[in-house]
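Examination of the molecular architecture
Here is how the chains run, residue by residue.
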Amino acid sequence: MQSLLIQDFKLFAPIRLNHKPAFAHLDTGASGSMLVSTEAEGMEAVESHLMQGGFGQRQVRLVRIGQLTFLDQEFPGTTAAVIDGAHYFADVPFPVSMTLGADILLARPLVLDFKRLWLGFEEGPFDPALSAFPLDCSAGLPVLTLRAGDRELQAILDTGAAYSLLNAAHAEALGLDLEPAYQLEGQDPAGGTALVDVHRLGELSVGDIPLGPCELVALDLSIIEQRLDVRVDFVLGANTLLASSTVWVLDKAGGYAYVTARGVNVRARSE
């Protein structure tokens, strides 16, 4: 297991980029990986790509990374969109070279332990203390069902979203009881910024496992729904995940998210 580094609700972990030690931002809500522009010099150009963020979109160029190591696993030939990391990671007290998206993070079953702030890759079978919930990654991102009171929410689990998001396009139909809290300036890797209202939502859960009260931002996510061709009611962000102290295993190949509110070793012990 590897320790998680946390800064302003952004999650980071060490990597090796072209054989040099570096740090990466962890973003399960990005289908592909992203490389800070200062690291892209001399890399093979691949093509351009339209990047969609929570607050905007823009055309970016893609490059091919020669060597990438994450959690002791090699990911040769990874392509990444080139972004202006100086803006997005300006307040991080260590240099960040790239963002790892779902293409890397979900390549193997990923353990996210928000109780002990660990992460790692782990193959099953998994400890029966972890409850299993269907996980749909057919659109490239991890989608699962959450509960808010008696309402079901189709949600993206997005470690790259500092705050959880409610899709404003479905807010009236969902009828959730939101309490106004405060305002903050939000930003996304696509370069978009906006002043947004933060609301509080009562108890949120996955199945019978409580995730606790939730602070969220309401945004119209219709463009993201159209791009993914998936209904998105909610984005489960880093602030809620960290506050929940839950342990997750995201098993894309197996089609399940395994979750527990207890600190357990995720792999089942052999008899």
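Scope of this entry: the structure provided in the associated data block. Note that the structure is predicted; figures quoted are calculated from it, not measured.

As a further point, take the side chain of Thr-260. Here Thr-260 is to be found in strand 23 (residues 256–260). Assessed through its relative accessible area of 3%, Thr-260 is described here as buried. Those residues in contact with Thr-260 that lie beyond four places of it in its chain are Ala-129, Leu-130, Ile-209, Thr-246 and Val-247.

The subject of this paragraph is unusual backbone geometry. Cis geometry is found at the peptide bond from Gly-124 to Pro-125, where omega equals 5°. Following the sequence through the fold, Pro-125 ends up in the loop between strand 13 (118–121) and strand 14 (131–134). Backbone geometry places Asp-229, a non-glycine residue, at a positive phi of 55°. Judged by its relative accessible area of 71%, Asp-229 falls in the exposed class.

As a further point, take the packing of aromatic side chains. Under the criterion given, the structure shown has 8 aromatic pairs. Their ring planes at 85° and their centres at 5.7 Å tell us that Phe-70 and Phe-121 sit as a pair that is edge-to-face. You can see Phe-70 sitting in strand 8 (residues 68–70) and its partner Phe-121 sitting in strand 13, a full 51 residues away along the chain. Take Phe-70: its relative accessible area is 0%, and that puts it in the buried class. Given the relative accessible area of 17%, Phe-121 is considered buried. Geometrically, the ring pair formed by Phe-126 and Tyr-258 is tilted, given 4.9 Å between the ring centres and 45° between the ring planes. Remark: Tyr-258 occurs in strand 23 and Phe-126 occurs in the loop between strand 13 and strand 14; sequence separation between them is 132 residues.

What counts, and where the lines are drawn
- Residues numbered from 1 in each chain as written.
- Predicted model: local features only at pLDDT ≥ 70, side-chain atom pairs only at ≥ 80, totals over all residues.
- Heavy atoms only, no water.
- Helix = DSSP H or I, 4+ residues; strand = E, 2+ residues; numbered from the N terminus.
- Buried < 20%, exposed > 50% of the residue type's maximum accessible area, 1.4 Å probe, protein only.
- Contact = heavy atoms within 4.5 Å.
- Phe/Tyr/Trp six-rings, centres within 6.5 Å; stacked < 30°, edge-to-face > 60°.

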